[in-house]
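One letter stands for each residue in the lines below.
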Amino acid sequence: MMQCVSVLGSTGSIGRQSLDIISRLPVRVAALTAGSNVEHMARQCEKFHPTLAVMASQAAAERLADRLSGMDIRISWGEAGLIEAATLEAVDCVITAVVGMVGLKPTLAAIGAGKRIGLANKETLVCAGELVMEQVRAHGAEIVPVDSEHSAIFQCLMGNKDRGEIQRLILTCSGGPFYGMDRAQLQAVTKADALKHPNWKMGAKITVDCATLMNKGLEVIEAMRLYGLPEEQVDVVIHRQSVVHSLVEYVDGAMLAQLGAPDMRLPIQLALTYPNRAACPVERLDLTALGSLTFSKPDLEAFPCLALARACAKAGGTACAAMNGANEAAVAMFLADEIGFYDIYRLVSTGVEAAPYVKTPDLEQILEADRLARLAVARAAN
Ligand code: NDP
Ligand code: MG
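Residues numbered from 1 in each chain as written. Chains lettered and ligands numbered in written order. Predicted model: local features only at pLDDT ≥ 70, side-chain atom pairs only at ≥ 80, totals over all residues. Heavy atoms only, no water.

### Quick notes on the environment of glutamate 301
Note on placement: glutamate 301 falls in the loop between helix 13 (287–290) and helix 14 (304–315). The spatial distance from the C-alpha of glutamate 301 to the C-alpha of leucine 25 is 46 Å, given a sequence separation of 276 residues. (Helix = DSSP H or I, 4+ residues; strand = E, 2+ residues; numbered from the N terminus.)

### Details of the sheet that holds strand 11 (residues 255–259)
On the basis of which strands lie adjacent, the open sheet formed by four strands has the order 9-8-10-11 and mixed pairing. The open sheet is flanked by strand 9 (234–238) and strand 11, the only strands paired with a single partner. Going across the sheet, the axis of each strand differs from the next one's by a mean of 20°, ignoring polarity. With five bridges connecting them, strand 10 (residues 244–250) and strand 11 associate as antiparallel partners. (Pairing = 2+ DSSP bridges. Axes fitted to C-alpha atoms, helices over the stretch in contact; angles between N-to-C directions.)

### With respect to the environment of tyrosine 179
Of note, tyrosine 179 is situated in the loop between strand 8 (166–173) and helix 8 (183–186). Residues tyrosine 179 and proline 198, 19 residues apart in the sequence, show an inter-C-alpha distance of 10.0 Å. Excluding residues that lie within four positions of it along the chain, tyrosine 179 makes contacts with Ile238, Arg240, Ser296 and Phe303. (Contact = heavy atoms within 4.5 Å.)

### Notes on the coordination of the magnesium ion (ligand 2)
Only Asp147 (OD), Glu149 (OE) and Glu219 (OE) from the protein reach the magnesium ion (ligand 2) as donors, at distances of 2.1 to 2.2 Å. Each donor residue of the magnesium ion (ligand 2) belongs to the same chain, with the gaps between them written as D-x1-E-x69-E. Residue aspartate 147 is found in the loop between strand 7 (142–145) and helix 7 (148–157), and its partner glutamate 219 is found in helix 11 (residues 214–227); the two are separated by 72 residues along the sequence. We classify aspartate 147 as buried; its relative accessible area is 7%. (Donors = N, O, S within 2.8 Å, 3.2 Å for Na, K, Ca; no water. Buried < 20%, exposed > 50% of the residue type's maximum accessible area, 1.4 Å probe, protein only.)

### Things to note about unusual backbone geometry
With an omega of 10°, the peptide bond between tyrosine 274 and proline 275 qualifies as cis. For proline 275, the position within the fold is in the loop between helix 12 (265–273) and helix 13. For histidine 49, which is not a glycine, the phi torsion comes out positive at approximately 45°. With respect to the secondary-structure elements, histidine 49 resides in the loop between helix 2 (38–48) and strand 3 (52–55). The backbone phi angle of aspartate 337 is positive, close to 60°, even though this residue is not glycine. Within the fold, aspartate 337 resides in the loop between helix 15 (319–335) and helix 16 (341–354). Owing to a relative accessible area of 57%, aspartate 337 belongs among the exposed residues under this scheme.

### Points about the sheet that holds strand 6 (residues 116–119)
Reading across from one edge, 4-3-2-1-5-6-7 is the order of the seven strands in this open sheet, with parallel pairing throughout. At either end of the open sheet lies a strand with only one pairing partner, and these are strand 4 (74–77) and strand 7. Strand-to-strand twist across the sheet, computed as the mean angle between neighbouring axes with direction ignored, equals 20°. Packed onto the sheet, helix 6 (residues 122–139) meets strand 6 and strand 7 and runs at close to 150° relative to strand 7.

### Description of the packing of helix 6 against helix 11
Running from N to C, helix 6 and helix 11 point in directions that differ by 20°, and their axes come no closer than 9 Å. Comparing their axes, helix 11 and helix 6 come out roughly parallel. Regarding helix 6 and helix 11, the two cross each other, and that crossing is left-handed. Mapping the contact onto sequence places Lys122, Leu125, Val126, Gly129, Glu130 and Met133 in helix 6 and Asn215, Leu218, Glu219, Ile221, Glu222, Arg225 and Leu226 in helix 11. Of the residues in the contact of helix 6 with helix 11, the class split is six nonpolar, two polar and five charged. (Parallel < 35°, antiparallel > 145°, perpendicular 65-115°, else oblique. Left-handed = near helix turned anticlockwise from the far one by under 90°. Nonpolar A, V, L, I, M, F, W, Y, C, P; charged D, E, K, R; others polar.)

### Some thoughts on helix 6
For helix 6, which comprises 18 residues, the first-to-last C-alpha distance of 20 Å sits more than 12% below the rise-based estimate of 26 Å (1.5 Å per residue). Largest kink in helix 6: about 100°, centred on alanine 128. Every buried residue of helix 6 is listed here: Lys122, Glu123, Thr124, Leu125, Val126, Cys127, Ala128, Gly129, Leu131, Val132, Met133 and Val136. Positive phi appears at glycine 140, one or two residues downstream of helix 6, with a value of about 60°. (Expected span 1.5 Å × (residues − 1). Bend = angle between axes of the 7 residues up to and from the residue.)

Structure below.
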């Protein structure tokens, strides 16, 4: 059991669920970080008494300091604050629940300090996964995935990791709110439609990624990096019920799956208790009440973001970073009502094309690909 934890992105969907789990375990909170939600951060500080609280901007940090005056909590801001939260001496596990590639440098810093990473922030592995995993090996750090599919695979591999016996990984995908629609129908969908996920309640960015199926594309890359497998060995199946969280097929044809109610608190808790398990307040599955579970192929014609992500996964190098940066920029525009649903795909393609390709990039080249892709998206949208 991890004893002292930092939660990066504590005011978000994963962050709040992490604190719910932490409040039930003998775990101390050393640091909390948020973007701009001062009021919620203040309430979390009053409840968990961290040593350090970090906001994205100096202005937000000053407001938090006013709100918490008299409490013995150090307050910081920006990237330096995030990195400090990720590397505090006393911390043994860092839950990375910030959204977007803003999580990259703090994650690398936590790895450099040899921490366990409870990794929710998939964008980090998508844009710089090879570099991140190299650093994990170099520093003897450890990643326990929080993303439900990757946690499921992690659980199916317990005791069998690194034995060369994996045939393929099968990621399950709910299909999102637009499952079954064709291109013509998808022309008419709105932001409000995209934000209605059938099975999970999550932050806005990942909810839109689920509607385009880009989320599953990001997860294919995340799985390749975590488990060191080529793109051909990571499959995706549509599974509307979100009960089978993912599967491993072994070389002998045996398939192992992890099942459970769709509740992120189980993978979050496992990141803290691994290699052990503990009682968890999630709903129990009643298999007979479920009746049937269904599986089908994703429609790559209607949801081209998944095919684009697979092409970038195959290309490797800076292609994934460019795609991720372009997607973050395009989804932000969609959430600001500036573009339509299919513009996301169009703009991400433009961003990938615009960023120069480097086969084995260093961190600077990854950041540059991200920057140029975002720039291309901004230009193409105007
Ligand atoms: P949310 O949008 O709910 O939360 C994001 C968190 O990051 C908030 O604490 C937010 O602060 C903070 N934040 C946002 N922008 C910045 C910034 N520029 N600098 C510092 N902090 C920032 O996201 P989710 O919890 O849904 O997702 C978090 C990560 O986990 C994502 O990478 C997502 O893909 C992944 N994930 C999420 C799942 C889910 O069920 N939600 C499932 C699997 C993976 P503030 O509240 O102040 O804005
Ligand atoms: Mg997932």
